[in-house]
Amino acid sequence: METAYIKTPLGIATIIGDEDGISVISVSDEGEISNEIPTILQDAVSQLTAYFDGKRNDFDFKLNPKGTDFQQKVWKGLLEIPFGKTMSYMDLSKKLGDVKAIRAVASANGKNPLWIVVPCHRVIGTDGSLTGYAGGLWRKKWLLEHENPTTQQSLF
């Protein structure tokens, strides 16, 4: 496994992966920035940088998250939430086939190991509230605003 640390507007992102794909992308408030990016991680770093620069809204590098079959199912469901859109935990549970699994879906969502790329930040409360985000609600708010900025309406 190779590791890289890059600066983002939301903190230091840690990217971990190998030839099988990227298995972890996480964020923290502090850390050392990598001087060199391992070749196997360069595509992921480039795409994340473009995302933060507002030049990319999807990712196509190979993913290899580790989790249970149920977690994998939830994470695949998250990948279907379009850029700039949100979905409630209830709607995600319904989409995955079991409205009663809402707590399990929320738990799997919270264990998502691929920050931003598997867009768990796009899942909100049924009432539209920003709930449950491991990276901090301020980061979730920032990401949602980054993906769906409100434009100033012209008066003329």
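Refer to the structure above for everything that follows.
For the structure given in this document, a descriptive report is provided here. (Residues numbered from 1 in each chain as written. Predicted model: local features only at pLDDT ≥ 70, side-chain atom pairs only at ≥ 80, totals over all residues. Heavy atoms only, no water.)

### Notes on the overall build of the chain
Selection rule: What counts as a helix is a DSSP run of H or I of at least four residues, what counts as a strand is a run of E of at least two, and both are numbered from the N terminus. As a reference, a globule follows 2.2 Å times the number of residues to the power 0.38, and the radius of gyration itself is taken over C-alpha atoms. Think of it in three bands: with a 1.4 Å probe and only protein chains considered, a residue is buried below 20% of the maximum accessible area for its type, exposed above 50%, and partly exposed in between. Here a residue-residue contact requires only that any non-hydrogen atoms of the pair lie within 4.5 Å. Each accessible area is a Shrake-Rupley result for a 1.4 Å probe, and residues are judged covered by the shown protein chains and nothing else. Charged-residue counts in this description rest on Lys and Arg as positive and Asp and Glu as negative, His and the chain ends being excluded. By convention, the point assigned to a charge is CZ for Arg, NZ for Lys, CD for Glu and CG for Asp.
If you tally the helices and strands in the chain, you get five helices and five strands. Reading the chain from its N terminus to its C terminus gives the helix and strand order β-β-β-α-α-β-α-α-β-α. Since a compact globule built from 156 residues should have a radius of gyration of about 15 Å, the 16 Å found for the chain is in line with a globular shape. Here the C-alpha coordinates of the chain stretch approximately 55 × 45 × 25 Å along the principal axes. By residue count, 44% of the 156 residues in the chain fall in the buried class. In the chain, once contacts between residues fewer than 6 apart in sequence are set aside, the share between residues at least 24 apart is 57%. As presented, the chain carries roughly 9,000 Å² of accessible surface, and 51% of it is formed by carbon and sulfur atoms. Where the 17 positive side-chain charges of the chain centre and where its 19 negative ones centre are 9 Å apart.

### Side note on the nonpolar core
Counted only if it meets this: Take the buried residues of types Ala, Val, Leu, Ile, Met, Phe, Trp, Tyr and Cys, join any two whose side-chain atoms come within 4.5 Å, and each joined set is a nonpolar core.
By size, the foremost hydrophobic cluster in this structure holds 36 residues, and its most contacted members are Ile 15, Ile 25 and Trp 115. Among the secondary structure elements, those contributing two or more residues to this core are strand E1 (2–8), strand E2 (11–18), strand E3 (21–28), helix H1 (42–52), helix H2 (69–79), helix H3 (89–95) and helix H4 (102–110). A per-element tally of this core places H1 first, with five residues. The contact partners of Ile 15, leaving out residues within four places of it in the chain, are Glu 2, Thr 3, Ala 4, Ile 6, Ile 22, Val 24, Ile 25, Leu 41, Ala 44, Val 45 and Leu 48.

### Points about the pairing of E2
Quick reminder of the rule: In this description, strands pair whenever DSSP reports at least two bridges between them.
Burial of E2 is extensive: seven of the eight residues sit out of reach of the surface. When E1 meets E2, the two strands line up antiparallel, connected through seven bridges. Its bridge partner lying in E2, Ala 4 is registered against Ile 15. Following E1, the chain reverses through two residues before pairing antiparallel with E2. When E2 meets E3, the two strands line up antiparallel, connected through seven bridges. Along E3, the bridge assignment pairs Ile 16 with Val 24. From the end of E2 to the start of E3, which pair antiparallel, there are two residues.

### Focus on the packing of H2 against H4
Just so we agree on the cut-off: Lines are fitted to the C-alpha atoms to define the axes, a helix being fitted only along its stretch in contact, and any angle between axes, read from their N-to-C directions, falls within 0 to 180 degrees. Each angle receives one of four descriptions, namely roughly parallel if under 35 degrees, roughly antiparallel if over 145, roughly perpendicular if within 65 to 115, and oblique otherwise. As a working rule, the residues Ala, Val, Leu, Ile, Met, Phe, Trp, Tyr, Cys and Pro are called nonpolar, Asp, Glu, Lys and Arg charged, and the rest polar, with Gly in that last group.
Following both chains from N to C, one finds H2 and H4 inclined at 80°, their axes separated by 9 Å at the closest point. Considered as vectors, H2 and H4 are oriented roughly perpendicular to each other. Of H4, the residues touching H2 (which contributes Phe 70, Gln 71, Val 74, Trp 75 and Leu 78) are Ala 104, Val 105, Ala 108 and Asn 109. Here the residues of the contact of H2 with H4 sort into seven nonpolar, two polar and no charged.

### Describing the packing of aromatic side chains
Applied cut-off: Centres within 6.5 Å make a pair out of two Phe, Tyr or Trp rings, where for Trp the six-membered ring is used; the pair is then stacked when the planes are under 30 degrees apart, edge-to-face when over 60, and tilted otherwise.
Counted under the stated rule, the structure contains six aromatic pairs. The interplanar angle of 45° and the centroid separation of 5.8 Å between the aromatic rings of Phe 52 and Trp 142 together place this pair among those described as tilted. Of this pair, Phe 52 sits in helix H1 while Trp 142 sits in helix H5 (residues 137–147), placing them 90 residues apart in sequence. For Phe 52, a relative accessible area of 11% translates into the label buried. Through pairs of rings, three or more aromatic residues link up here, namely Tyr 51, Phe 52, Phe 59, Phe 61, Phe 83, Trp 115 and Trp 142.

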